[in-house]
Amino acid sequence: MFDMLPGYWFESHFVVVVVIFALLFDFINGFHDTANAIATSVTTQALKPYQAIIMAAVLNFTGALISTGVAKTIGGDIVTNASMINQSVIIAALTGAILWNLLTWWFGIPSSSSHALIGGILGALIVGVGLQAINFPEVQIIILSLVLSPLFALATGYLVMGTINFFFGRMKPEKMNGRFKSLQILSAAAASFSHGANDAQKSMGIITLALLSAGTISTFSVPTWVKICCALAMALGTSVGGWKIIKTMGGKITKLNPMSGFSADLNTSVVIMVATVLHLPVSTTHVVSGSIMGVGANKRIKAVNWTTAQQMLMAWCITIPFSAIASGVTYKVLSFLFYGV
C-alpha cells in the first residue's frame, strides 16, 4: 500500500503539477526570450534597459491575450488523442524544455524555447507512449514552420532594410539616428506584442491538453484563467531580463544603428504576427536572429558575424533532439520514482 502513495499523490495532483511546470516554463521563456524584443533598441540606446524591459513585459502580457490558435496547434494537434497522454508525459516534456532553456541561457546562447518545447513533447511521447501518439502530418507542418521562418525572416529583413535605406539612406546621420530612435520604440513595442501573442500560447496549449486529458474539460478550449496565468508568467519572466542573450543578439551578430534596428524589429513583428494569424508556432528567437542577419547582409555580407551565426545555427539544430532526450530520460526517472517501473 505504501509503495503506491507517491504514484497516488502524483495522480491526484496531476493538473496542479502540470500548471506549475507550464507556468515555470512560461516564466523562463519570458526572461530567456526578452532579448528578442528589446536587444536592438537597448543596443542602439533608443531605450534604456529598464524602460525596454517594462515595455516588453506589459506588451508581452497584452499580446498573450489576443488569440489561442497557436495553443490549439501545440496542445491539440501534436498528439493523436489526448486520452493517450498521462501526467508523467506532460511533466517530462516540460522538464526537458526547461532544462535546455536554462542551460542555453546560462551560456548566453539564443536558442529557441519553441524548439525546446516541441523536442520535449516529442521525446516524452516517444518514450512514454510510443510513436502512435504522434500526429505526424501536423508535426511536419510545425517543424517546417520552425525551420522556414528564420530563413523567411532573413530574406524579408534584407528587403525591408534595402527599402528603408533607399528612401532614407541619404539623410544626414544625426537626423537619421534621431528619427529612427523614436521609430524604434514603436517597432520594439510591436516585436514585444507579437512575441507574447505567439510564445505565451504554447504553455496555454500544454495546460489545456492536461485539463482535457484529465477530463476537467470536454473540448479543447483554453479557459480564461489559463490565458491570464500564462500571460502573467511570461510578463514576470520578461521583467527579469536576459542580459547574456541581449548582448549576443544586440551586438555579436552585426553592428546595429537605429535605422537597422528599426528594420529588424519591424520585420520581426510582421513575420511573427503572420505566423500567429496562421496558428503556426514559430521561434521568436530564430525570427529575430534571421531578421538581424538579413538587415546586416543588406549592408554587406561581411557585416554579419557569420561565426556567431554558425554557433547559433548549431544550437538551433541540436535543441529539438537534446530536449527530446532530456524529456525521455525525465519520463523514465519519474516512472521509476513514482511507479517503480
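Each remark here, short or long, concerns the structure printed above.
J.: Which residues make up the pattern of salt bridges, and what are the values?
T.: Counted by the stated rule, this structure contains two salt bridges. Lys72 is the salt-bridge partner of Asp77, the closest N and O atoms lying 3.1 Å from each other. Take Lys72: its relative accessible area is 35%, and that puts it in the partly exposed class.

J.: Give a detailed account of a nonpolar patch on the surface, specifying residues and quantitative values.
T.: A contiguous nonpolar surface patch, about 440 Å² in accessible area, is contributed by Ile143, Leu144, Val147, Leu148 and Leu151. Look at Leu148 and you get partly exposed, because its relative accessible area is 44%.

J.: Which residues make up unusual backbone geometry, and what are the values?
T.: Of note in this structure, His279 is not a glycine but carries a positive phi near 65°. Tracing the sequence through the fold places His279 in the loop between α12 (258-277) and α13 (284-299).

J.: I'd like to hear about the packing of helix α7 (residues 113-128) against helix α8 (residues 136-168), residue by residue, with values.
T.: Remark: α7 packs on α8, axes separated minimally by 11 Å, with the N-to-C direction vectors making an angle of 155°. Taken together, the axes of α7 and α8 are roughly antiparallel relative to one another. Our pair here, α7 against α8, has a crossing hand that is left-handed. Residues Ser114, His115, Ile118 and Leu122 of α7 form the contact with α8, whose own contacting residues are Val139, Ile142 and Leu146. Taken together, the residues that form the contact of α7 with α8 break down as five nonpolar, two polar and no charged.

Definitions and limits used
Residues numbered from 1 in each chain as written. Predicted model: local features only at pLDDT ≥ 70, side-chain atom pairs only at ≥ 80, totals over all residues. Heavy atoms only, no water. Salt bridge = Lys/Arg side-chain N within 4 Å of Asp/Glu carboxyl O. Buried < 20%, exposed > 50% of the residue type's maximum accessible area, 1.4 Å probe, protein only. Patch = residues over 30% accessible without salt bridge, like charges linked within 9 Å, V, L, I, M, F, W, Y side chains within 5 Å. Areas by Shrake-Rupley, 256 points an atom, 1.4 Å probe, with all protein chains shown as cover. Helix = DSSP H or I, 4+ residues; strand = E, 2+ residues; numbered from the N terminus. Axes fitted to C-alpha atoms, helices over the stretch in contact; angles between N-to-C directions. Parallel < 35°, antiparallel > 145°, perpendicular 65-115°, else oblique. Left-handed = near helix turned anticlockwise from the far one by under 90°. Contact = heavy atoms within 4.5 Å. Nonpolar A, V, L, I, M, F, W, Y, C, P; charged D, E, K, R; others polar.

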